[in-house]
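# Chains, contacts and geometry: an overview
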Amino acid sequence: MTDSILSKAATMEIPINSNGDSRTAEDDSLEQGAQIGGSLDEIVGTLPVNMDLQQVMVSGPNLNETSIVSGGYGGAAEGIIPTSSIKDIRFKSRGITPSHSATSWIAHQPGHYPAPSMHHSNSHPSMMSEEAAKGVAVEKFDSVKKWSINTYKCTKQMFSERFGRGTKTVDMELEAQIDVLRETKMKYEHILRLARELTNHFYNMVQTQQALGDTFADLSQKSPELQDEFGFNAETQRLLCKNGETLLGAINFFVSSINTLVNKTMEDTLMTIKMYENARLEFDAYRADLEELSVGPRDAAAMVRIEMAQQQYQIHKDKYERLHSDVSIKLKFLEENKVKVMHKQLLLFHNAVSAYFAGNQQQLEQTLRQFNVKLKPPGSDKPSWLEEQ
């Protein structure tokens, strides 16, 4: 019995009020149901006093399934309240709705300082990144949509022109100049191809002459009876080799100038012509679309479509006229440049070839000085050891 009394006294000394009240567990067990809003420590106080707190935690009943008697220990069974109701009553008594989480309940306890929330600071950058991603997606979608519509209209116009059902805007004078340019480019490409073949063949011939001259010179030293004859031939081949290198310089300059004229100047003009032809196709496509809408009904929706088609038609008309003017100007300058370049290069080619085969070394060298052709020093075509790595 003495042990029971000591156990009861030890149990009664446990402070169970969360606010630091010094009341004992037995006093709290005598409280009525109106004060059930205490902490869970008050619920523990209603258990038999001879039970150890550790035993209650280990083997005691589940609080969710336990009913609390409003009277003292061993009292009547009236006023049994489920534990879940106690939670609602306790939250309401402290100004917290039951829908709040346990974290909200802790935040209302005395002496509790809530931690700073990072929700708003983190949500703002994330919202901005989401809006930026949405903006990029919308822009891409709009660009793809415009490209699809433009491609459909241009394809439709192209097939209509090919099968004779659509009309085509044609500038006869400009089209004739474009055809002449394309034909001229093909012929100049043929000249360039032949000039390169001549250069390769002539280079091989010069290399053969050089090897032959070296052989003659070697034999002139080893054959005393034919020393003079081998020496004359060696000197002739060396002279031919030197003049051949001079002619190769002139031909290489001719090839380089023709290559620049064909593959840069003419190609640049043809690229502008290609852009002009695409703009002409788009212009005719939107013109046909506007004409098709104009002969249709004139309700409100149709008028909106006609107005949009009119705007697109004007945009592509301005683009077509601008490129039309660019092509005309480039064709004019190209013709002037072509005449100037070809006059110089053809004269150089003629004078150099004539002087070489006539054996006139002075005239050949004078021709290169006249046209400012500089010969590469021997061995300059060979790559350095660093470039070979």
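Please refer to the structure placed before this passage.
Criteria and thresholds
- Residues numbered from 1 in each chain as written.
- Predicted model: local features only at pLDDT ≥ 70, side-chain atom pairs only at ≥ 80, totals over all residues.
- Heavy atoms only, no water.
- Helix = DSSP H or I, 4+ residues; strand = E, 2+ residues; numbered from the N terminus.
- Buried < 20%, exposed > 50% of the residue type's maximum accessible area, 1.4 Å probe, protein only.
- Contact = heavy atoms within 4.5 Å.
- Areas by Shrake-Rupley, 256 points an atom, 1.4 Å probe, with all protein chains shown as cover.
- Axes fitted to C-alpha atoms, helices over the stretch in contact; angles between N-to-C directions.
- Parallel < 35°, antiparallel > 145°, perpendicular 65-115°, else oblique.
- Left-handed = near helix turned anticlockwise from the far one by under 90°.
- Salt bridge = Lys/Arg side-chain N within 4 Å of Asp/Glu carboxyl O.
- Nonpolar A, V, L, I, M, F, W, Y, C, P; charged D, E, K, R; others polar.
- Core = buried A, V, L, I, M, F, W, Y, C linked by side-chain atoms within 4.5 Å.
- Patch = residues over 30% accessible without salt bridge, like charges linked within 9 Å, V, L, I, M, F, W, Y side chains within 5 Å.
- Expected span 1.5 Å × (residues − 1).
- Bend = angle between axes of the 7 residues up to and from the residue.
- Polar contact = N/O pair within 3.5 Å; in protein donor to acceptor, adjacent residues only side chain to side chain.
- Phe/Tyr/Trp six-rings, centres within 6.5 Å; stacked < 30°, edge-to-face > 60°.

### Details of the overall build of the chain
For the chain, the helix and strand inventory stands at 12 helices and two strands. For the chain, the proportion of its 389 residues judged to be buried stands at 26%. Long-range pairs, those at least 24 residues apart, make up 71% of the contacts in the chain with a sequence separation of at least 6. Accessible area for the chain stands at about 26800 Å²; split by element, carbon and sulfur atoms hold 58% of it.

### A word on the packing of helix 10 (residues 300-357) against helix 11 (residues 361-370)
Following both chains from N to C, one finds helix 10 and helix 11 inclined at 160°, their axes separated by 8 Å at the closest point. In terms of their interaxial angle, helix 10 and helix 11 are classed as roughly antiparallel. The interaxial crossing formed by helix 10 with helix 11 has left-handed handedness. On helix 11, the residues touching Leu348, Asn351, Ala352, Ala355 and Tyr356 of helix 10 are Gln363, Leu364 and Thr367.

### Some words on unusual backbone geometry
Positive phi, normally seen in glycine, also occurs at Asn372, with a value near 55°. You can see Asn372 is positioned in the loop between helix 11 and helix 12 (385-388). Judged by its relative accessible area of 61%, Asn372 is exposed.

### Some details on the environment of Lys319
Topologically, Lys319 is positioned in helix 10. Put simply, Lys319 and Ala279 are 40 residues apart on the chain and 6.6 Å apart in space, counted from C-alpha to C-alpha.

### Looking at the pattern of salt bridges
This model, assessed by the stated rule, comprises 13 salt bridges. Glu267 is the salt-bridge partner of Lys185, the closest N and O atoms lying 3.6 Å from each other. Pair noted here: Lys185 is in helix 8 (residues 172-222) and Glu267 is in helix 9 (residues 227-294), with a separation of 82 residues, a long-range link. Residue Lys185 is classed as buried on the basis of its relative accessible area, which comes to 9%. Given a relative accessible area of 31%, Glu267 falls into the partly exposed group. Between Lys222 and Asp218 there is a salt bridge, and its shortest N-O distance comes to 3.4 Å. Residue Lys222 and its partner Asp218 are both found in helix 8; the two are separated by four residues, about one turn of the helix. With relative accessibility at 60%, the residue Lys222 sits in the exposed group.

### So, the packing of helix 8 against helix 10
Where helix 8 contacts helix 10, the two axes come as close as 12 Å, and the packing angle between them is 25°. In this view, helix 8 runs roughly parallel relative to helix 10, as classed from their interaxial angle. For the pair helix 8 and helix 10, the sense of crossing is left-handed. Where helix 8 abuts helix 10, its residues Leu174, Gln177, Ile178, Leu181, Thr184, Tyr188, Leu198, Phe202, Met205 and Gln209 lie against His324, Val327, Ser328, Leu331, Leu334, Lys338, Met342, Phe349 and Tyr356. Among the residues forming the contact of helix 8 with helix 10, the class breakdown is 13 nonpolar, five polar and one charged.

### Details of the nonpolar core
Counting 42 residues, the largest nonpolar core has Ile178, Leu181, Ile273, Tyr276, Val327 and Leu331 as the members making the most contacts within it. Every element with two or more residues in this core is listed here: helix 8, helix 9, helix 10 and helix 11. It is helix 9 that provides the largest number of residues to this core, a total of 17 residues.

### Describing the environment of Met271
With respect to the helices and strands, the residue Met271 is situated in helix 9. Expressed as a C-alpha distance, the spacing of Met271 and Val327, which sit 56 residues apart in the sequence, is 9.6 Å.

### Digging into the side chain of Lys338
As for its position among the elements, Lys338 is in helix 10. For Lys338, a relative accessible area of 14% corresponds to the buried category. Not counting residues up to four positions away in its chain, the partners in contact with Lys338 are Thr184, Tyr188, Leu261 and Met266.

### Here's the deal with a nonpolar patch on the surface
A surface patch of nonpolar side chains, about 300 Å² in accessible area, is lined by Met158, Phe159 and Phe163. By the element assignment, Met158 lies in helix 7 (residues 119-162). Note on Met158: relative accessible area 34%, which makes it partly exposed.

### Describing helix 9
Here helix 9 is 68 residues long and its end C-alpha atoms lie 97 Å apart, about the 100 Å a rise of 1.5 Å per residue gives. For helix 9, the principal kink sits at Glu267 and spans about 35°.

### As for the environment of Thr184
One can find Thr184 in helix 8. With 82 residues separating them in the primary sequence, Thr184 and Met266 have C-alpha atoms 9.5 Å apart. Ignoring sequence-local partners within four residues, the contact set of Thr184 consists of Met266 and Lys338. In this structure the side chain of Thr184 is engaged in a polar contact, spanning 2.7 Å, whose partner is the backbone oxygen of Val180.

### Structural notes on the packing of aromatic side chains
The geometry of an aromatic ring pair comes down to the distance between the two centres and the angle between the two planes. Counting across every chain of the model gives eight aromatic pairs. When the ring of Phe159 is compared with that of Phe163, the centres are 6.3 Å apart and the planes differ by 10°; the resulting orientation is stacked. Exposure remark for Phe159: the relative accessible area of 39% places this residue in the partly exposed category. Residue Phe163 is classed as exposed on the basis of its relative accessible area of 55%. Among the aromatic side chains, those forming a connected cluster through ring pairs are Tyr276, Phe283, Tyr313 and Tyr320.

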